[in-house]
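# Examination of the molecular architecture
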Amino acid sequence: MSFRMIHENYNVSDLDRSIKFYGDALDLHEVSRKTTDDFIIVYLSNYSSDFELELTWLKEHPQPYDLGECEFHLAFKADDFDSAHKKHEDMGCICFENPEMGIYFIEDPDGYWLEILP
């Protein structure tokens, strides 16, 4: 028996804003969408991996999401770390840097942290 990771879900408060952020910050694009009367789910991916980020917007959830202590994250490996850092610095979305480890984190519009590795 084997298992393969296929996606991670983040609930978001503004779907269009989140789709734009992930497109601008990480070059993720929409690959599919499911819509009901109660929610919309959008799957984002890129051309480097078949792993998907699932963004869920719930109609009946107008308040911000409680992310606890935000001790979870997705990690992305950058093929040009210095250019990625400059881009995220210009976007104003870097929320934490650890120079000793050679990594940094960006924060999406809902407060989710994303690790960027060289």
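Quick note: structure is the one above.
The paragraphs below set out a description of the structure included in this document. Since the structure is predicted, the reported quantities are computational estimates derived from the model, not experimental observations.

## Observations concerning helix α1 (residues 15-26)
For α1, with 12 residues, the first-to-last C-alpha span of 16 Å sits near the 16 Å given by 1.5 Å per residue. Within α1, the full set of buried residues consists of L15, S18, I19, F21, Y22, A25 and L26. For α1, the angular spread of buried residues about the axis comes to 160 degrees, placing them on one side. For α1, exposure combined with an orientation more than 90 degrees from the buried face picks out D16 and K20. Its side-chain oxygen 3.3 Å from the backbone nitrogen of D16, D14 forms the N-cap of α1. Phi turns positive, to about 60 degrees, at D27, one or two residues after α1.

## Regarding the layout of surface pockets
When its volume is computed, the largest pocket comes out at roughly 610 Å³. Of all the elements in the fold, those that place two or more residues in the lining of the largest pocket are α1, β3 (39-45), β4 (52-58), β5 (73-77) and α2 (81-91).

## Brief notes about the side chain of H88
Structurally, H88 can be placed in helix α2. Not counting the four nearest positions on each side in its chain, H88 is found in contact with A25, L26, C93, I94, Y104, I106 and I116.

## Some thoughts on the sheet that holds strand β1 (residues 7-11)
The four strands are arranged β1-β4-β3-β2 in an open sheet whose pairing can be described as mixed. The open sheet has two free edges, formed respectively by β1 and β2 (29-35), since each of these has just one partner strand. Geometrically, the sheet is characterised by an average inter-axis angle of 20 degrees between neighbouring strands, direction not taken into account. Summarising the sheet, β2 and β3 pair through six bridges and their orientation is antiparallel. Among the inter-strand pairings, H29 is bridged to a residue of β3, identified as S45. Each of β1, β2, β3 and β4 is contacted by α1, which is oriented at about 160 degrees to β4, the strand it contacts most.

About the cut-offs
Residues numbered from 1 in each chain as written. Predicted model: local features only at pLDDT ≥ 70, side-chain atom pairs only at ≥ 80, totals over all residues. Heavy atoms only, no water. Helix = DSSP H or I, 4+ residues; strand = E, 2+ residues; numbered from the N terminus. Expected span 1.5 Å × (residues − 1). Buried < 20%, exposed > 50% of the residue type's maximum accessible area, 1.4 Å probe, protein only. Arc of directions from axis to C-beta. Polar contact = N/O pair within 3.5 Å; in protein donor to acceptor, adjacent residues only side chain to side chain. 1 Å grid on protein atoms, 1.4 Å probe; cavity = no way out; pocket = protein on both sides within 12 Å on 5 of 7 lines; lining within 4 Å. Points joined across faces, edges and corners; volume = space filled by probe spheres on them. Contact = heavy atoms within 4.5 Å. Pairing = 2+ DSSP bridges. Axes fitted to C-alpha atoms, helices over the stretch in contact; angles between N-to-C directions.

As far as function goes, none of this settles anything; it's purely spatial.
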